[in-house]
There are 2 protein chains.
Amino acid sequence: MALQLHVHRVSQPSRALVIFCKSNGIEFEEVFIDLTKKQHKSPEFLEINPMGQVPAMVHGDFKLFESHAILTYLVAAFPQVADNWYPSDIKQRAKVQSVLDWHHSNLRRGAVTYIFNSKLAPVFGMPLNLEAAAEGEKTLSASLSTLESFWLNDGGKFLVGQDKPSVADLSLVCELMQLEFLEEDVRKRILEPFKKVQQWIEDTKNATNPHFDEVHETLFQARATMMK
Amino acid sequence: MALQLHVHRVSQPSRALVIFCKSNGIEFEEVFIDLTKKQHKSPEFLEINPMGQVPAMVHGDFKLFESHAILTYLVAAFPQVADNWYPSDIKQRAKVQSVLDWHHSNLRRGAVTYIFNSKLAPVFGMPLNLEAAAEGEKTLSASLSTLESFWLNDGGKFLVGQDKPSVADLSLVCELMQLEFLEEDVRKRILEPFKKVQQWIEDTKNATNPHFDEVHETLFQARATMMK
């Protein structure tokens, strides 16, 4: 059954999916959805994901969106995926699932709100919103603090005490890579208090390279274009 | 192994857990966390859930929070749970998981933001915030529209085409029950355009009664106290 991932690599959950498949030897076709041409709002794409967002997956005739649901579906559909990615032990799996659920209203919400309103809005023809950015930064910093003191505090190099990464590490680190869109001094100021988080980002890169760096090339190019 | 649910029944995910266990004959101890006495911020409770939020679960010596993660853990831990709640078919399970993931940043975010800022804030000693409420109502209405036109549009009485409820139906309908905190005319205005959603709320109640109504008694009492 053919697997297609409809993605744009500036999108953090898109990158998580692509890196996941490459790291696990899952063959797939990467379908580039050009966000600058609004292809994610085209009738063809809305047939795949009516929410009009990347990423989306098509596996045979099965269509799916929401990146966490796609990641855990791929684990179930491709038996070669190693157990660390979404453990079969029901307690360890529940802990990974707990991070994935926590992510939505915490790290993701904080990072997206802060970066969009302090930096990216003009790229989409909208004004910066410093009040919303401040609110986002508060959520982002609180989430980083929770990562440092709780999620990364269970032994092991990765989330919830694992010594190898799970889908949660990949999803959350790809989210944090969006901080690359900020000025370097701002990014450093935000991450500086969180030593374990910084080490964990490096560990997750190392565990998934060369794919991690290759897939993030688009992000660095987009950043360079934006900074001009 | 003893199962404890640490909950308050005014909390929508707390109710979803209690109704789920009662509907599936899962024995548990309900530990009442008095939010009005800030018991969710007590050192004892923070040992169970460092985020200081209900619900939280303790099963033997295993502690877990995030209601969706708890629901799917309970499905795995209690084999008597019928397949409709979180289907073993990997595609159907992925569709249910997709709704659960979608919920966080859409229906939940919209409902919580709207209801808190238009009605509940003073109960917690905070002012109403009509701008935030308007933003919340926009997200809430868009989410109801997505439920009506997409998630409930796949045949079957329940979400993603099922003829029996899944954990997603329970989670989302318990969320919508928070609308009971609003004035009746406001609640009617918000739900009025969405006939399938209204029918689905009734169908989910019917599928889980008498537990659904019994567990929601606390909500109606809290509402009556607030309206005085």
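Treat the numbers as computed from the prediction; the structure is a model and nothing was measured. (Residues numbered from 1 in each chain as written. Chains lettered and ligands numbered in written order. Predicted model: local features only at pLDDT ≥ 70, side-chain atom pairs only at ≥ 80, totals over all residues.)

Draft legend 1. Inspection of the overall build of chain A at higher detail. Each helix and strand counted, chain A has 9 helices and 4 strands in total. Listed N to C, the secondary structure of chain A is β-α-β-α-β-β-α-α-α-α-α-α-α in terms of helices and strands. Relative to a compact globule of 228 residues, whose C-alpha radius of gyration would be 17 Å, chain A shows 17 Å and is just as compact. The proportion of buried residues among the 228 residues of chain A is 42%. At a minimum sequence separation of 6, the contacts of chain A that also span at least 24 residues come to 64%. (Helix = DSSP H or I, 4+ residues; strand = E, 2+ residues; numbered from the N terminus. Rg over C-alpha atoms; globule rule 2.2 N^0.38 Å. Buried ≥ 20, exposed ≤ 12 C-beta atoms within 10 Å, placed from the backbone. Contact = placed C-beta atoms within 7 Å.)

Draft legend 2. Summary view of helix α1 (residues 12-23) of chain A. Residue and element names in this part refer to chain A. Along its 12 residues, α1 runs 16 Å from first to last C-alpha, staying within 8% of the 16 Å computed at 1.5 Å per residue. Burial analysis of α1 places 10 of its 12 residues in the buried class, the great majority of the element. Against β1 (3-7), β2 (29-32), α3 (67-77), α6 (167-176), α8 (195-208) and α9 (211-227) lie the buried residues of α1. Directly after α1, the chain includes glycine 25, whose backbone phi takes a positive value near 60°. (Expected span 1.5 Å × (residues − 1).)

Draft legend 3. Summary view of the pairing of strand β1 (residues 3-7) of chain B. Residues and elements named next belong to chain B. Bridge count between β1 and strand β3 (residues 56-59): 4 bridges; the pairing is antiparallel. Its bridge partner lying in β3, leucine 3 is registered against histidine 59. Pairing between β1 and strand β2 (residues 29-32): 4 bridges, direction parallel. Bridging from a neighbouring strand, leucine 5 pairs with glutamate 30 of β2. Read from β1 through helix α1 (residues 12-23) to β2, the crossover connection turns out right-handed. (Pairing = 2+ DSSP bridges. Right-handed = clockwise from strand over helix to strand, strands pointing away.)

Draft legend 4. Looking closely at the sheet that holds strand β3 (residues 56-59) of chain A. All names here are of chain A. Judged by pairing direction, the sheet is mixed, and its 4 strands sit side by side in the order β2-β1-β3-β4 without closing on themselves. In the strand order of this sheet, the two ends are held by β2 and β4 (62-65), each with one partner. Ignoring which end each strand starts from, the neighbouring axes of this sheet average 20° apart. (Axes fitted to C-alpha atoms, helices over the stretch in contact; angles between N-to-C directions.)

Draft legend 5. Molecular detail of the relation of the copies chain A and chain B. After a rotation of 180° and a shift along the axis of 0.0 Å, chain A superposes on chain B with an RMSD of 0.0 Å. Taken together, the rotation and translation relating the two chain copies correspond to the operation of a two-fold axis. Among all residues of chain A, the one whose C-alpha sits closest to the rotation axis is histidine 104 of chain A, at a distance of 3.1 Å. Most of the interface of chain A is mirrored in chain B: 100% of its interface residues are interface residues there too. (Least-squares fit on C-alpha atoms with pLDDT ≥ 70 in both.)

Draft legend 6. A look at helix α4 (residues 90-120) of chain A. Considering bend angle alone, the principal kink of α4 of chain A is centred on histidine 103 of chain A and spans about 65°. The buried fraction of α4 of chain A amounts to 23 of the 31 residues, a majority that puts the element mostly inside the structure. (Bend = angle between axes of the 7 residues up to and from the residue.)

Draft legend 7. Here's a closer look at unusual backbone geometry. Residues and elements named next belong to chain B. Geometrically, the link from valine 54 to proline 55 is a cis peptide bond, its omega value of 0° lying close to zero. Take proline 55: it is sitting in the loop between α2 (43-48) and β3. Following asparagine 209, the chain continues to proline 210 via a peptide bond in cis, the omega torsion being 10°. Structurally, the position occupied by proline 210 is in the loop between α8 (195-208) and α9 (211-227).

Draft legend 8. Quick look at the interface of chain A and chain B. Taken residue by residue, the interface counts 21 residues in chain A and 21 residues in chain B. At the level of elements, β4, α3 and α4 of chain A are the ones that each hand at least two residues to the side of chain A that touches chain B. Take the side of chain A that touches chain B: its biggest share by element is 9 residues, from α4 of chain A. Per-class residue counts for the side of chain A that touches chain B are 12 nonpolar, 6 polar and 3 charged. (Nonpolar A, V, L, I, M, F, W, Y, C, P; charged D, E, K, R; others polar.)

Draft legend 9. Region of the structure containing the packing of α1 of chain B against helix α6 (residues 167-176) of chain B. Residues and elements named next belong to chain B. Between α1 and α6, the least distance of the axes is 8 Å, while the angle of their chain directions is 140°. Considering the angle they form, α1 stands oblique to α6. Judged by the twist between their axes, the crossing of α1 over α6 is right-handed. Together, Gln12, Pro13, Arg15, Ala16, Ile19 and Phe20 of α1 and Val167, Leu170, Ser171, Cys174 and Glu175 of α6 make up the contact between the two elements. Broken down by class, the residue content of the contact of α1 with α6 amounts to 7 nonpolar, 2 polar and 2 charged. (Parallel < 35°, antiparallel > 145°, perpendicular 65-115°, else oblique. Left-handed = near helix turned anticlockwise from the far one by under 90°.)

Draft legend 10. Quick look at the pairing of β3 of chain A. Residue and element names in this part refer to chain A. Burial of the side chains of β3 extends over both faces: Ala56 and Val58 are buried on one face and Met57 and His59 on the other. In the sheet, β3 pairs with β4 via 4 bridges, with the strands oriented antiparallel. Along β4, the bridge assignment pairs valine 58 with lysine 63. Counted between consecutive antiparallel strands, the loop separating β3 from β4 contains 2 residues, among which glycine 60 sits at a positive phi close to 65°.

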